[in-house]
Amino acid sequence: MTNPNRQIDLLDREEIATLQLERLRRTVEVAARSPHYREAFRRAGCDPTRIRSLDDVRRLPFTTKQDLRDCYPDRMLTVGREQLVRLHASSGTTGQATVIYHTRQDLDNWTSLIARSLKMIGCTPLDTFQNMMTYGLFTGGLGLHYGAEQVGMTVIPIGGGNTHRQIQFFQDFRTTVIHITPSYALHLIDAIRDLGLDPAGFHLRRLIFGGEPYSEATRTKLEETFALTAYNCYGLSELNGPGVAFECRKSEGMHVWEDSFLVEVIDPESLEPVSPGELGEVVLTNLNREAMPLIRYRTRDLAFLHEDTTCPCGRSFRRLSRITGRTDDMLIIRGVNVFPSQIEHALMEIPEVGNNFEIVLDQEENLDRITIRVEIRGETFHGDIRELRQLRQRLGHAIKEEILVTAGIELLEPGTLPPVIGKAKRVIDNRRI
Ligand code: ADP
Ligand code: ZN
């Protein structure tokens, strides 16, 4: 039996498993109250009352983004209107938005997950937290907000954009913790330098990343430039939002909060589980949600689970690797599978590369052509054509080595591409489908 007084993030594997089974059973029962799951369970021929072990989750049907769309606006609801206190909708990175409802208890649970995560990385009431993610339907804003308040941090709900004001606030309020997308953080570097300031010269100590994939090279660049520690935070609006998994101070993967989510990693083709340590699609089941629990939600995010369940930080919640991309952001270029994150990785390792780029795909005589338009750092523009030609060649080689396809490289002056303040849209695909 789980000791209710034990600090939840210190539970051991056995306690976690016991809690998960208890909550999985309850969740499946609750889900079956919605028109969608009642029908889906019936069609899959599964009896929700017969969940005996955690492995039995594999007998339950998957839920896809399409299911959520088909159920719009409320066919997955399990409670009456009077119990709902908020709804969020996904920002629609791909296709039509989807909606998720929350009860009071759902929001309180989410808030506790965020508070737990922030404490894990060392945040205290002495910190000032500038939340630079968009507020509104997007969960990055309100999602972190209440958890940070619960910790007792001074929260600045500034939202995304208005970059000069953001920088002013860093100075005026001595901000110590920021929450931001990696693309916006890169843009911020340029904006700070344009003002003649040093990005390392503020009081910033921690940077929480989320909302989109980024490479190790980008992380290193941001940590060095801002002189702080960056922590990865994973989530999606379908499963609350940020705070499904959060990196601890050991930075060896993100702890999945398994008291609230059951995580599986599957092969997206065969739908069978992959072995621990192997890359696959992350599938999540809510274990602690009332209004709209999701069963085996296929996130389309690619990652792997670390085999080892003992983290040097002492927690035994399983750790998820960084998200390397989504099954649906994979580009097929001349038959080769390419993820935008691979291109980002290759670019960010080259010191002359600036903080913004885009990937353009065209078709010429039925052959795919890929061009990478990349801003380079102001200091490297000396007007020396030979130097620029060499840089272009170096970039071309680095990209080819990473993605195995030859790409055209276009060098741009800083500030040529539109600044990114939320999630970046890096790919412009002009090919005929
Ligand atoms: P959408 O982008 O589909 O509108 P959300 O706004 O909820 O939906 O975004 C969730 C998605 O953002 C995740 O499925 C994932 O692809 C991406 N994401 C969120 N956090 C991270 C992270 N830390 N690393 C990489 N990708 C992330
Ligand atoms: Zn840890």
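Residues numbered from 1 in each chain as written. Chains lettered and ligands numbered in written order. Predicted model: local features only at pLDDT ≥ 70, side-chain atom pairs only at ≥ 80, totals over all residues. Heavy atoms only, no water.

## Let's talk about the overall build of the protein
This is how the line gets drawn: A helix here means a DSSP run of H or I that spans at least four residues, while a strand means a run of E at least two residues long, and both kinds are numbered starting from the N terminus. We compute the radius of gyration over the C-alpha atoms and compare it with the globule rule, which gives 2.2 Å times the number of residues raised to the power 0.38. Residue contacts are counted whenever heavy atoms from the two residues lie within 4.5 Å of one another. Per-residue accessibility takes into account occlusion by the displayed protein chains alone, with areas from the Shrake-Rupley method and a 1.4 Å probe. Think of it this way: Lys and Arg go in the positive column, Asp and Glu in the negative one, and His and the chain ends go nowhere. Every charge is mapped to an atom, namely NZ of Lys, CZ of Arg, CG of Asp or CD of Glu.
Of the regular secondary structure elements, the protein holds ten helices and 20 strands. Whereas a compact globule of 433 residues would reach a radius of gyration of roughly 22 Å, the protein reaches 22 Å, a difference of no more than 12%. Taken along its principal axes, the extent of the C-alpha atoms in the protein is 70 × 55 × 40 Å. Partitioning the contacts of the protein with sequence separation of at least 6, the portion at a separation of at least 24 is 66%. Accessible surface for the protein amounts to roughly 19300 Å². Of this, 48% is attributable to carbon and sulfur atoms. Taken as two groups, the 53 positive and 60 negative side-chain charges of the protein have centres that lie 3 Å from each other.

## A few points about the packing of helix 4 (residues 104–120) against helix 5 (residues 139–151)
The condition is simple: Each axis is a line fitted through C-alpha atoms, and for a helix only the stretch in contact is used; angles between axes span 0 to 180 degrees, taken between their N-to-C directions. Comment on the angle field: the value is read as roughly parallel under 35 degrees, roughly antiparallel over 145, roughly perpendicular from 65 to 115, and oblique elsewhere. With the far helix as reference, a near helix turned anticlockwise by less than a right angle produces a left-handed crossing, and one turned clockwise produces a right-handed crossing. Amino acids outside the nonpolar list (Ala, Val, Leu, Ile, Met, Phe, Trp, Tyr, Cys, Pro) and the charged list (Asp, Glu, Lys, Arg) are all regarded as polar, and Gly is one of them.
Their axes nearest at 7 Å, the elements helix 4 and helix 5 cross at an angle of 70°. As judged from the angle between their axes, helix 4 and helix 5 are roughly perpendicular. Classified by chirality, the crossing of helix 5 by helix 4 is right-handed. Residues W110, T111, S112, I114, A115, L118 and K119 of helix 4 form the contact with helix 5, whose own contacting residues are T139, G143, L144, Y146, G147, A148, Q150 and V151. For the contact of helix 4 with helix 5, the class distribution of residues is eight nonpolar, six polar and one charged.

## Examining the coordination of the zinc ion (ligand 2)
Where we set the bar: Counted as donors are N, O and S atoms no farther than 2.8 Å from the metal, or 3.2 Å for Na, K and Ca; water is not among the atoms, and sites may therefore look incomplete. Sites are called tetrahedral only when four donors show all angles between 85 and 135 degrees, square planar or octahedral only when four or six donors show opposite pairs over 155 degrees and all other angles between 65 and 115, and irregular in any remaining case. Summary of the burial criterion: residues with accessible area below 20% of their type's maximum are buried, those above 50% are exposed, and those between are partly exposed, where the area comes from a 1.4 Å probe applied to protein chains only.
On the protein side, the zinc ion (ligand 2) has C248 (SG), H255 (NE2), C311 (SG) and C313 (SG) as donor atoms, found 2.1 to 2.3 Å from it. Angles of 103 to 116° at the metal separate the four donor atoms of the zinc ion (ligand 2), which places the site in the tetrahedral class. Each donor residue of the zinc ion (ligand 2) lies on the same chain, and together they follow the pattern C-x6-H-x55-C-x1-C. In this pair, C248 sits in the loop between strand 8 (242–247) and strand 9 (254–256) while C313 sits in the loop between strand 12 (297–303) and strand 13 (319–320), placing the two residues 65 residues apart along the sequence. Residue C248 is classed as buried on the basis of its relative accessible area of 0%.

## Section: empty space enclosed by the protein
Cut-off, in case you're wondering: Cavity: a set of points on a 1 Å grid over the protein atoms alone where a 1.4 Å probe fits but cannot get out. Pocket: an open set with protein on both sides within 12 Å along at least five of seven lines, its lining residues, like those of a cavity, having an atom within 4 Å of a point. Grid points are joined across faces, edges and corners, and a volume is the space filled by probe spheres set on the points.
The tally for this structure, following the rule as stated, stands at three cavities of 30 Å³ or more. Here the largest cavity is characterised by a volume of approximately 60 Å³. The wall of the largest cavity is formed by D106, N109, N240, S260, F261, N286, N288 and R289. Each residue belonging to the lining of the largest cavity can be placed in one class, and the counts come to one nonpolar, five polar and two charged.

## Re the nonpolar core
Where we set the bar: As used here, the term nonpolar core means buried Ala, Val, Leu, Ile, Met, Phe, Trp, Tyr and Cys residues forming a set that is joined through side-chain atoms within 4.5 Å.
Ranked by internal contacts, the top residues of the largest apolar core, which has 71 residues, are L118, I208, Y234, F246 and L284. No other element matches helix 4, which puts seven residues into this core. In contact with Y234, other than residues within four places in its own chain, are G241, P242, G243, V244, A245, M254, V282, L284, T299, D301, L320 and I323. Of all hydrophobic cores here, the second largest spans 48 residues; its members include F209, A217, V405 and I409.

## Observations regarding the domain arrangement of the protein
Stated formally: An automatic or database domain assignment provides the domain bounds reported here. Buried area: the accessible area, evaluated with a 1.4 Å probe, that two parts lose upon being put together, summed over both parts. Salt bridges are counted wherever a side-chain nitrogen of Lys or Arg sits within 4 Å of a carboxyl oxygen of Asp or Glu. For the purposes of these results, a polar contact is taken to be a pair of N or O atoms within 3.5 Å, where, inside protein, one atom must be able to donate a hydrogen and its partner to accept one; residues adjacent in sequence count only when each atom of the pair is a side-chain atom.
Domain assignment breaks the protein into domain 1 (1–328) and domain 2 (331–429). Taken over C-alpha atoms, the centre of domain 1 sits 30 Å from the centre of domain 2. Each partner contributes residues to the interface: domain 1 has 26 residues there, and domain 2 has 18 residues. Across the domain 1/domain 2 interface, buried area totals approximately 1700 Å², and carbon plus sulfur atoms make up 50% of it. A per-residue breakdown of the area domain 1 buries against domain 2 is headed by L186, A217 and K221, which together make up 23% of the total. Across the contact surface, domain 1 and domain 2 share zero salt bridges. The interface formed by domain 1 and domain 2 holds eleven residue pairs in polar contact (both at pLDDT 80 or more) in total. Where the side of domain 1 that touches domain 2 is concerned, the elements lending two or more residues are helix 7 (182–194), helix 8 (216–226) and strand 14 (325–326). With seven residues, the top contributor of residues to the side of domain 1 that touches domain 2 is helix 7.

## Observations regarding the sheet that holds strand 4 (residues 154–156)
Short version of the rule: Two strands make a pair as long as DSSP finds a minimum of two bridges between them.
Taken in spatial order, the eight strands of this open sheet run 4-3-5-6-7-8-9-13, and their pairing is mixed. Taken across any chain shown, the strands that pair with only one partner, and hence form the sheet edges, are strand 4 and strand 13. Where strand 8 lies against strand 9, three bridges are found, and the strand directions are antiparallel. By the bridge assignment, F246 is partnered in strand 9 with H255. Along the sheet, helix 4 makes contact with strand 6 (206–209), strand 8 and strand 9, crossing strand 8 at roughly 20°.

## Focus: the packing of aromatic side chains
Operational definition: The rule is short: rings of Phe, Tyr and Trp, with Trp giving its six-membered ring, pair when the centres are within 6.5 Å, and they are stacked under 30 degrees, edge-to-face over 60, tilted in between.
Scanning the model with the defined rule gives five aromatic pairs in all. Between F169 and F173, the aromatic rings sit 4.9 Å apart at their centres with planes inclined by 85°, giving edge-to-face as the arrangement. Classification of F169 as buried rests on a relative accessible area of 16%. F173 gets classed as partly exposed once you look at its relative accessible area, which sits at 42%. Here W257 and F317 contribute two aromatic rings whose centre-to-centre distance is 5.3 Å and whose plane-to-plane angle is 75°, an arrangement assigned as edge-to-face. With W257 in the loop between strand 9 and strand 10 (261–266) and F317 in the loop between strand 12 and strand 13, the pair connects residues that are 60 residues apart, well separated along the chain.

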